[in-house]
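Secondary and tertiary structure notes
Here's the letter readout for the chains.
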Amino acid sequence: MAEWRQTACILCSINCGIEVQTEGRRISKVRGDKAHPASQGYACEKPHQLDFYQNGRDRLTSPLRRRNDGSFEEIDWDTAIREIAEKFLAVRDRHGGETILYYGGGGQGNHLCGGYGRATRAAMGSVYASNALAQEKTGEFWVDGQLFGRPSCHTTGDFERAEVAVFLGKNPWHSHGFPRARVVLKEISKDPQRTLIVIDPRRTETAEMADFHLQVRPGTDAFCLSALLAILIEEELVDAQFIEQHCNGYDGVVESLRDVSIADYSRRCDVPEELLRTVARRIATASSVSIFEDLGIQQAPHSTLNSYLEKLLFLLTGNFGVAGGMNLHSRFANLGGGRSPGAAPVSPVGGHRIITGLIPCNVIPDEILTDHPKRFRAALIESANPVHSLADSQRMREALAALELVVVIDVAMSETARCADYVLPASSQFEKWEATFFTLEFPHNVFQLRAPLFDPLPGTLPEVEIHARLLRAMGALDDADLEPLRAAAAKGRAAFAGAFFAALSEKPHLKPLASIVLYETLGRTLPDRAAEAAAVWALAHTCAMQYPESVRRAGFTGEGLELGEALFDAVLTGASGVTFTIDDYEETWRRMATPDGRINLVIEELVGELRGLRDESEAGPADFPFVLSAGERRSFTANTIYRDPAWRRKDAHGALRINPDDAASLGIADGGTARVTTQRASVETTVEITDTLRPGHITLPNGLGLSYPGTAGDEVRGVAPNELTSSEDRDWFAGTPWHKHVRARVEAA
Ligand SMILES: Nc1nc2c(c(=O)[nH]1)N[C@H]1C(S)=C(S)[C@@H](COP(=O)(O)OP(=O)(O)OC[C@H]3O[C@@H](n4cnc5c(=O)[nH]c(N)nc54)[C@H](O)[C@@H]3O)O[C@H]1N2
Ligand SMILES: Nc1nc2c(c(=O)[nH]1)N[C@H]1C(S)=C(S)[C@@H](COP(=O)(O)OP(=O)(O)OC[C@H]3O[C@@H](n4cnc5c(=O)[nH]c(N)nc54)[C@H](O)[C@@H]3O)O[C@H]1N2
Ligand code: SF4
Ligand SMILES: [Mo]
């Protein structure tokens, strides 16, 4: 019997625990891990194909350097590290370290590299960063900061217990977003006492199961949500006691919704007024409501405003800080990163708002393609594929070409790696210790540190080793600092803890390098090559200090540093993941960060936009009559983690979905070919006719259009969605893109 080994799925933020069997360097069998405290044996169909990631034909096995003719040559690691370090320092000396942009730091299954990358950034003086969160969640984070006092006061739903579950621009049947999504959706859907509400222009798989489907006109959620709020106020359905006890500014909310005409807004979002009223009443009378907002509103017009209105919906009805409602969760470590010392609150060239330390993805090309003296001059890109995932791929390629130096750390020859000056091959997520900080659950929150299944593919290195070598080559690591810590580590973790925290306070220059210092010192004493996970030790301590009561409730004991040590021990040995905090509902109130502990209901910055809805023009551009949602999650999409198109058993080409009436009037057949044209580009695509879409709405999947080595050179299958998008199509406030709302034209091809 082959052995089953515990790891996690790396394809979405839920990171279900899985068990795998291996044959040589292959992942041969996959099943859900019943011992994983959150996923409990659940897994969807996608991880069964994980070998397409592990053994992709375009895995990188040597550092690459671009030649003058544009092609790449293989070079050895020492040369690569030396030249990259020299060139970054030269950029720093010529233009200032703040002109070096860091992009990425982790994907759906790996976040350790971002922590180690911080040390390299500090050594180079790089202070500006961005990643995919700045094209989905930053607007929501900013709203959280206004309402609850800090952007890290992030709310999470409790769908297991919620009497009413609302999905707003979110299709959890395919995209998940909470543990065991399909099981929980079925439970809610089957239970006559519970209600499933979906707000989505498409009749998604989730909408099919719903009690109420508000099939909004694309891009009109702000109208739908303000109408729901206005109904709550008009029919006196708000939770007056909750508002009185916990909120400031209710009168301001009433005032800013004063001009809402429920009838007119219902017409504009194309949801019957009676249905809006029924749904508002259902939400108001439920014992608990959980809401999940996602890309359908975050990557569409009024993105930040939508996040605000969504939160008002559960706040005015008192579904915050209660079982089955929305709560402020703990976290094993921060996802966003936060502002670097030395960074301005806005981007250096365009003055765009930086939220949770991230420059809006859509403005990155503008921060490069200019002669402004503060423009970015170089970039370090790690575990991200921005040429494919950011709006306007064409312009992203131009922007990268304009930089003096682009270094990409990836496992595969991605679209972005193809634009680099140097490419460094990372070991895969199954060849090193790895973890994510998608620890967003309440009341039980789970963290899993995964051990490697394989040795590194020859020629590759784990990111931590790459960063440690870069630091040394930059002259940023001093053995005189490390020796005493190595000596302390040799005496055991307790001795090390004292020495380490003392060293950080005595030698402030070590602080930004702490993750690599841990790797080089404590790391050497950890069992099973776990040096790669050394930074997790410090995170365990921070977590224990931040949430001592919740960590104790999860079963850990000890005073002072003992609590963090106990947590780290459990994490290091708990192959199936560890419940690290158990919360009671009072914790939500303790996590509030406003000065008086009350919720601020009014966000001044968004009131103008809210009141302006009434006068917003309804006419779209006549030459682009369709709205394209570019990047739909489907059964056979997984960002750009699976690159080999052979993994798609169905929908091999990633069809354009279109309503039957639209297809008929354009003379397009099911399985035929259509031409889609946007302001930016024109592409051909296969077609799937489906009545799940409204007339005028078309969709294309995410993650297609990758270049992958075939029998006759590189082949591209399907449409890369961001060849069609424009970087100006973005939220005025947070800069989040309108990927779900691209104006388009369709013709038979
Ligand atoms: N299978 C699969 N799962 C994934 C991923 C994957 O690639 N494949 N990626 C993961 C990632 S990174 C993320 S962020 C999540 C995203 O998860 P989701 O946000 O659920 O994914 P999408 O399918 O992009 O968009 C959700 C819904 O928004 C709807 N929508 C479009 N326009 C509008 C609108 O104007 N209003 C409203 N209300 N809805 C609209 C679409 O019809 C769609 O059903 O998925 C994660 N899970
Ligand atoms: N038009 C449109 N654009 C979108 C979206 C959309 O819906 N529509 N969705 C957006 C969203 S929500 C997201 S999250 C982004 C996702 O886009 P990105 O943030 O660019 O992430 P991925 O596509 O997941 O790519 C991750 C990269 O990491 C590499 N990789 C995998 N494992 C490792 C590893 O262990 N180490 C290193 N160094 N590299 C590794 C992969 O090969 C891949 O190149 O796309 C965004 N772009
Ligand atoms: S839900 Fe997400 S993490 Fe879980 S198996 Fe499916 S893709 Fe993987
Ligand atoms: Mo995402």
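Just so we're clear, the structure is a prediction, and the values are computed from it rather than from any experiment.

1. Considering the domain arrangement of the protein
- Domain annotation for the protein reports domain 1 (5-54), domain 2 (64-134 + 334-441 + 444-582), domain 3 (155-328) and domain 4 (619-748).
- Of note, the centres of domain 3 and domain 4, computed from C-alpha atoms alone, are 28 Å apart.
- Contact with domain 3, which involves 21 residues of that partner, is made by 20 residues of domain 4.
- Across the domain 3 to domain 4 interface the summed buried area is about 1700 Å²; carbon plus sulfur atoms make up 54%.

2. Some details on the site of ligand 2
- Around ligand 2, the surrounding shell holds 31 residues, and the nearest of these are Asp410, Glu463, Ala630, Arg633 and Thr640.
- Here a nitrogen atom of ligand 2 and a side-chain polar atom of Ser383 are 3.3 Å apart.
- Between Lys432 and ligand 2, the recorded distance is 2.8 Å, taken from a side-chain N or O atom to an oxygen atom.
- Considered on its own, ligand 2 offers 920 Å² of accessible surface; in the complex 96% of this is hidden by protein.
- Looking at the shell around ligand 2, the elements that each hand over two or more residues are strand E16 (405-410) and strand E21 (626-632).
- A domain-level breakdown of the shell around ligand 2 finds at least three residues from each of domain 2 (64-134 + 334-441 + 444-582) and domain 4 (619-748).

3. What about the pattern of salt bridges?
- Inspection of the entire model under this criterion finds 71 salt bridges.
- Residue Asp259 pairs with Arg611 through a salt bridge whose shortest N-O separation is 3.3 Å. In this pair, Asp259 sits in the loop between helix H10 (250-256) and helix H11 (262-269) while Arg611 sits in helix H25 (residues 604-612), placing the two residues 352 residues apart along the sequence.
- Overall, the relative accessible area of 25% leaves Asp259 in the partly exposed class.
- Arg611 gets classed as partly exposed once you look at its relative accessible area, which sits at 25%.

4. What about the sheet that holds strand E2 (residues 17-23)?
- Strand order in this open sheet of three strands is E1-E2-E3, and the pairing throughout is antiparallel. Since the sheet does not close on itself, it has two edges, and those belong to strand E1 (5-8) and strand E3 (26-32), each with one partner. On average, each strand axis in the sheet is inclined to that of its neighbour by 45°, with strand direction left out of account.
- Pairing of E2 with E3 involves six bridges; the strand directions are antiparallel. Counterpart to Ile18 in the pairing with E3 is Gly32.

5. Some thoughts on the site of ligand 1
- Taken together, 31 residues lie around ligand 1, and Asp200, Gly219, Asp221, Thr637 and Lys740 are the ones closest in.
- Between a nitrogen atom of ligand 1 and a side-chain N or O atom of Asp221, the distance comes to 2.6 Å.
- A distance of 3.3 Å is found between a nitrogen atom of ligand 1 and a backbone nitrogen or oxygen belonging to Gly296.
- Burial of ligand 1 by the surrounding chains reaches 97%, relative to a free accessible area of 920 Å².
- Broken down by secondary-structure element, the contributors of at least two residues to the shell around ligand 1 are helix H5 (172-175), helix H13 (295-298) and E21.

6. Digging into the packing of aromatic side chains
- Within the structure shown, the criterion is met by 25 aromatic pairs.
- Judged by centre distance (4.9 Å) and plane angle (0°), the rings of Phe148 and Phe320 are stacked. One end of the pair, Phe148, is in helix H4 (residues 138-148); the other, Phe320, is in the loop between helix H14 (303-316) and strand E14 (327-328), and 172 residues separate them in sequence.
- Owing to a relative accessible area of 1%, Phe320 belongs among the buried residues under this scheme.
- Consider the rings of Phe314 and Phe320, whose centres lie 6.4 Å apart with planes at 15°: the pair is stacked. One exposure class covers both Phe314 and Phe320, and it is buried.
- Three or more aromatic residues joined by ring pairs make a cluster, and in this case those are Phe148, Phe242, Phe314, Phe320 and Trp589.
- Its guanidinium or amino end placed over the ring of Trp4, Arg31 lies 3.8 Å from that ring's centre, counting from NZ or CZ.
- The ring of Tyr519 carries Arg524 above its face, with NZ or CZ at 4.7 Å from the centroid.

7. Side note on helix H12 (residues 273-285)
- Compared with the 18 Å implied by 1.5 Å per residue over 13 residues, the 18 Å span of H12 between its first and last C-alpha is a close match.
- Leu276, Arg277, Val279, Ala280, Arg282, Ile283 and Ala284 are the residues of H12 that are buried.

8. Here's the deal with the sheet that holds strand E11 (residues 212-214)
- With parallel pairing, four strands are arranged side by side in an open sheet as E11-E10-E9-E13. Here the strands that pair on one side only, and so sit at the sheet edges, are E11 and strand E13 (289-293). The mean angle between the axes of side-by-side strands here comes to 10°, regardless of whether they run parallel or antiparallel.
- Pairing between strand E10 (residues 195-199) and E11: three bridges, direction parallel. Paired with Ile199 across the two strands is Leu214, which belongs to E11.
- Packed onto the sheet, helix H8 (residues 221-234) meets strand E9 (164-168), E10 and E11 and runs at close to 140° relative to E10.
- On the sheet, H12 packs against E9, E10, E11 and E13 and is oriented at approximately 125° with respect to E11.

9. Focus on the side chain of Arg395
- Positionally, Arg395 belongs in helix H16 (residues 393-402).
- Take Arg395: its relative accessible area is 19%, and that puts it in the buried class.
- A distance of 2.8 Å separates polar atoms of two side chains, one belonging to Arg395 and the other to Asp366.
- Discounting residues that sit within four places of it in the chain, Arg395 has contacts with Pro365, Asp366, Leu369, Arg680 and Ser727.

10. Regarding the pairing of strand E28 (residues 742-748)
- With three bridges joining them, E21 and E28 adopt antiparallel strand pairing. Bridge pairing in E28 links Phe626 to Ala744.
- When strand E23 (residues 673-678) meets E28, the two strands line up antiparallel, connected through five bridges. The residue bridging Ala674 from the neighbouring strand is Ala748, located in E28.

11. What to know about the side chain of Lys740
- Secondary-structure assignment places Lys740 in the loop between strand E27 (713-717) and E28.
- One buried charged side chain, Lys740, makes no salt bridge at all; its nearest oppositely charged neighbour is Glu632, positioned 7.8 Å away.
- If near-sequence neighbours (up to four positions away) are discounted, Lys740 is found in contact with Leu295, Gly296, Gln299, Val627, Leu628, Ser629, Ala630, Gly631, Glu632 and Arg633.

About the cut-offs
By convention here, each chain's residues receive numbers from 1 onward along its written sequence. Chain A is the first chain written and ligand 1 is the first ligand written, with later ones labelled in order. In keeping with the model being predicted, local features are shown solely for residues with a pLDDT of at least 70 and side-chain atom pairs are shown and tallied solely at 80 or more, while totals for entire chains, interfaces and linings include all residues. Computation of side-chain values: all heavy atoms of the structure, hydrogens and water removed. Domain borders in the structure are assigned automatically or taken from a domain database. Every residue pair with non-hydrogen atoms within 4.5 Å of one another is taken to be in contact. Summed over both partners, buried area is the accessible surface (1.4 Å probe) that two parts give up on being assembled. Summary of the distance rule: residues count as near a molecule or strand when at least one heavy atom falls within 4 Å of that molecule or strand. Polar contact is defined as a pair of N or O atoms within 3.5 Å, subject to the rule that within protein one atom must be able to donate a hydrogen and the other to accept it, and that residues adjacent in sequence are counted only when both atoms are side-chain atoms. Note that accessible areas follow from Shrake-Rupley with a 1.4 Å probe, and for residues the cover is restricted to the protein chains shown. Every helix listed is a DSSP run of H or I at least four residues long, and every strand listed is a run of E at least two residues long, numbered separately from the N terminus. We define a salt bridge as a contact between a side-chain nitrogen of Lys or Arg and a carboxyl oxygen of Asp or Glu at a distance within 4 Å. Exposure classes here rest on a 1.4 Å probe applied to the protein chains alone. A residue is buried below 20% of its type maximum, exposed above 50%, and partly exposed in between. For two strands to be treated as a pair, DSSP must find at least two bridges joining them. Between N-to-C directions, angles span 0 to 180 degrees; the directions come from axes that are lines fitted to C-alpha atoms, helices contributing only their stretch in contact. Pairing of aromatic side chains here covers Phe, Tyr and the six-membered ring of Trp, requires ring centres within 6.5 Å, and sorts the geometry by plane angle: under 30 degrees stacked, over 60 edge-to-face, intermediate tilted. Only Lys NZ and Arg CZ are tested; either one counts as a charge over a ring when it is within 6 Å of the ring centre and within 35 degrees of the ring normal. Multiplying one less than the number of residues by 1.5 Å gives the expected span of a helix. Charge assignment in this entry is limited to Lys and Arg as positive and Asp and Glu as negative, and neither His nor the chain termini are counted.

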